[in-house]
Amino acid sequence: MSDGDPPLESGGHAGPPFDPERFRREGREVVDWIASYWESLASRPVRSQVAPGWVRSELPPHAPEDPEPLTAVVADLDRVVVPGLTHWQHPSFFAYFPASASSPSILGELLVAGLGVQGMLWATSPACTELETHVLDWLRVLLGLPERFASGSAGGGVIQDSASSGVLCAIVAARERATSLRTNSTGLCQNGQPLVAYASADAHSSVEKAAGIAGIGRAWLRRIPVDDWGRMDAAALSAAMDQDAAAGRRPFFVVATVGTTAAGGIDPVPGVAAIASRHSAWLHVDAAWAGAAAICPEFRAALVAGADRADSWGFNPHKWLLVNFDCHALWVADRAALVSALSMKPDYLRNEASDGGAVIDYSDWQVPLGRRFRALKLWMTLRMLGAGALRTHIRSHVDWAREFAGWVAADPRFEVVVEPSLALVCFALRAGDDASRRLLDRVNASGRCFLSHARVNGRFALRLAIGGATTTRSDVVAVWQLLTDSAPP
Ligand SMILES: *Cc1c(COP(=O)(O)O)cnc(C)c1O
């Protein structure tokens, strides 16, 4: 609050919760605060340095009875919250996969909150549903995904909160297709046959979680071995599915990963699709991180190969496409199984448009009933940045990753443990796992970068994932300099 602002008594701090004048004033302050935070990022340690419990120890034990001004809250934001943050938008954040953002998407997020609509049914806000259908059709074309995922076909796209929800919806739809559980009162297994799901050993943990939540049972998810590049062994998948079928079990669901979390491995989707279809199993493609790169024609073929035979395909614009968390795009080839599994229309939600069958009610395509207007931030990002800038963003990261891998390969102390995948480089010290682990701890403790690690081909590897919205080539040069300075001679 600036000096010219009215004092608390007349300033309306205790006034109505929905005060446009107050919102204009305080909204500008918050937007300014965010912009200053971004400007300050490079000078902050990437990872939070606080000890467990410190943040809570700085907070009062009870909620306030009387209103407090925004200035008091912002002061505590600076004093207590910011020190407790790991700065995901920091230019030297190279850990996990990026959770990138952009100013258009953040403005979209603000509009989502400002409009405050609930898009559970078409009828509860037609624009919320139709904009979502439309931008997912845009995105499908940008990625070069097949026509079967278009809203004008039997399929279509939906925005979920995360890839974990995407795979959960897919496994539930697959279960529905295999058992007609909804109309069939005999339970999870048809004729007493256990349902069996398959994913590679390097598939994301959300697949196993989904198998548990869906009542398939984690033990009925078979983990198929991967090769040295982290790709599923299709022959082993085929053998496992044949063996289950011969033993009277029902192979019903296969997840192929395009860009594994550990090393960015890409499963042989066309081959996996052929095997899945022999057993009439649902094929879900998890392209959570790597999928974004399909907007570049030169990367597309490897990423969308086999998508024309997939039943569902999902990726996270909230990872590498500059849309802030949360935004997972999921496409299905046949919406009927998904809707059959998840649709609920109690009397109080029934309406003419839904009964007429001419509209999409997206609550039928997801687990919760209520839903956010996430399409707005995707729409604003695509419009205000344009596909060209998004392609440049992805291409630069892939170029810098290749350069970085070249520096690693040229230093006799280091080695690349697996061929880089897009903007992900997994590397290690030749001196072994302990030395690599110590190096990772040392560079992360400096506060000047944040890298994560993974087990790749049985080895401890440092992982450099380039993808931040604020990262430049010089940040990649700097992290390599820090690594070489910190490595033993
Ligand atoms: C990040 C990631 C996930 C999980 O994504 P959420 O959106 O956080 O659920 C799943 N699969 C892969 C391959 C990922 O990279």
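The rules behind the values
- Residues numbered from 1 in each chain as written.
- Predicted model: local features only at pLDDT ≥ 70, side-chain atom pairs only at ≥ 80, totals over all residues.
- Heavy atoms only, no water.
- Helix = DSSP H or I, 4+ residues; strand = E, 2+ residues; numbered from the N terminus.
- Rg over C-alpha atoms; globule rule 2.2 N^0.38 Å.
- Contact = heavy atoms within 4.5 Å.
- Areas by Shrake-Rupley, 256 points an atom, 1.4 Å probe, with all protein chains shown as cover.
- Lys, Arg positive; Asp, Glu negative; His and termini not counted.
- Charge placed at Lys NZ, Arg CZ, Asp CG, Glu CD.
- Pairing = 2+ DSSP bridges.
- Axes fitted to C-alpha atoms, helices over the stretch in contact; angles between N-to-C directions.
- Domains from an automatic or database assignment.
- Phe/Tyr/Trp six-rings, centres within 6.5 Å; stacked < 30°, edge-to-face > 60°.
- Buried < 20%, exposed > 50% of the residue type's maximum accessible area, 1.4 Å probe, protein only.
- Near = heavy atom within 4 Å.
- Polar contact = N/O pair within 3.5 Å; in protein donor to acceptor, adjacent residues only side chain to side chain.
- Nonpolar A, V, L, I, M, F, W, Y, C, P; charged D, E, K, R; others polar.
- Right-handed = clockwise from strand over helix to strand, strands pointing away.
- Patch = residues over 30% accessible without salt bridge, like charges linked within 9 Å, V, L, I, M, F, W, Y side chains within 5 Å.
- Salt bridge = Lys/Arg side-chain N within 4 Å of Asp/Glu carboxyl O.
- Core = buried A, V, L, I, M, F, W, Y, C linked by side-chain atoms within 4.5 Å.

Where do I start with the overall build of the chain in this structure?
The number of helices and strands found in the chain is 17 helices and 11 strands. The C-alpha atoms of the chain give 24 Å as radius of gyration, which agrees with the globular expectation for 489 residues (23 Å, within 12%). On the principal axes, the C-alpha backbone points of the chain span a range of 75 × 70 × 45 Å. For the chain, restricting intrachain contacts to residue pairs at least 6 apart in sequence, the fraction spanning at least 24 positions comes to 74%. Total accessible area on the chain stands at roughly 21600 Å², and carbon and sulfur atoms take up 56% of it. For the chain, the distance from the average site of its 45 positive side-chain charges to the average site of its 51 negative ones is 6 Å.

Even after reading the chapter, I still don't get the sheet that holds strand 6 (residues 312-315), so can you show me in this structure?
In a beta sheet, neighbouring strands pair by backbone hydrogen bonds and run either parallel or antiparallel. The strand order across the open sheet formed by 7 strands is 1-7-6-5-4-2-3, and the pairing between neighbours is mixed. Both edges of this open sheet fall to strand 1 (156-160) and strand 3 (221-224), since each of them pairs with a single strand only. The sheet shows a mean angle of 20 degrees between the axes of neighbouring strands, taken without regard to direction. Of the pairings in the sheet, the one linking strand 6 to strand 7 (residues 328-332) comprises 4 bridges and is antiparallel in character. Paired with F315 across the bridge in strand 7 is A329. The strands that helix 6 (residues 126-143) touches are strand 1, strand 6 and strand 7; relative to strand 7, the one it contacts most, it runs at about 85 degrees.

What is the right way to look at the domain arrangement of the chain in this model?
Interface size is commonly expressed as the accessible area that is lost once the parts come together. For the chain, the assigned domains are domain 1 (48-85), domain 2 (117-372) and domain 3 (387-486). When each unit is reduced to the centre of its C-alpha atoms, the spacing between domain 1 and domain 2 is 40 Å.

Is there a simple way to think about the packing of aromatic side chains in this case?
Two aromatic rings are characterised by how far apart their centres lie and by the angle between their planes. Going through the model one piece at a time under the given rule, you end up with 18 aromatic pairs. Geometrically, the ring pair formed by F93 and Y96 is tilted, given 6.5 Å between the ring centres and 45 degrees between the ring planes. A residue is classified by how much of its surface remains accessible, and Y96, at 42% relative accessible area, is partly exposed. A centroid spacing of 6.3 Å and a plane angle of 55 degrees characterise the contact between W313 and W331, whose relative ring orientation is tilted. Of the two residues, W313 is situated in strand 6 and W331 in strand 7; the sequence distance between them amounts to 18 residues. Summarising the burial analysis for this pair, W313 and W331 share the class buried.

I tried to follow the site of the ligand on my own but got confused; where do I start?
The environment of the ligand is formed by 13 residues, the closest being A163, S164, D286, N316 and K319. At 2.6 Å from an oxygen atom of the ligand is found a side-chain nitrogen or oxygen belonging to S164. Burial of the ligand by the protein chains amounts to 87% of its free accessible area of 380 Å². For the shell around the ligand, the class distribution of residues is 3 nonpolar, 8 polar and 2 charged.

I would appreciate a short explanation of the environment of V135 in the present structure.
Looking at the element boundaries, V135 is found in helix 6. Judged by relative accessible area, which is 1%, V135 ranks as buried. Counting along the chain gives 241 residues from V135 to L376, while the straight-line C-alpha distance between them is 9.0 Å. When near neighbours in sequence (up to four residues on either side) are disregarded, V135 contacts A375, L378 and W379.

Even after reading the chapter, I still don't get the pairing of strand 4 (residues 250-257), so can you show me in this structure?
In summary, the side chains of a regular strand alternate between the two faces of the sheet. With 8 of its 8 residues buried, strand 4 lies for the most part within the structure. Pairing between strand 4 and strand 5 (residues 282-286): 5 bridges, direction parallel. When the bridges of strand 5 are listed, F253 appears paired with W282. For the crossover that starts at strand 4, traverses helix 10 (residues 269-278) and ends in the parallel strand 5, the hand is right-handed.

Would you explain a nonpolar patch on the surface in this entry?
Residues F23, V31, L107, L110 and M384 make up a contiguous nonpolar surface patch of about 490 Å² in total accessible area. Elements with a contribution of two residues or more to the nonpolar patch: helix 2 (20-40) and helix 5 (103-115). Within the secondary structure layout, L110 lies in helix 5.

It is not clear to me how the nonpolar core should be interpreted in this structure. Could you clarify?
Generally speaking, nonpolar side chains in soluble globular proteins are found buried as a group. Judged by nonpolar contacts, the single largest core of 99 residues is most densely connected at W313 and L483. Per-element tally for this core: the top contributor is helix 15 (residues 375-410), with 12 residues. The residue makeup of this core includes at least three contributed by each of domain 2 (117-372) and domain 3 (387-486).

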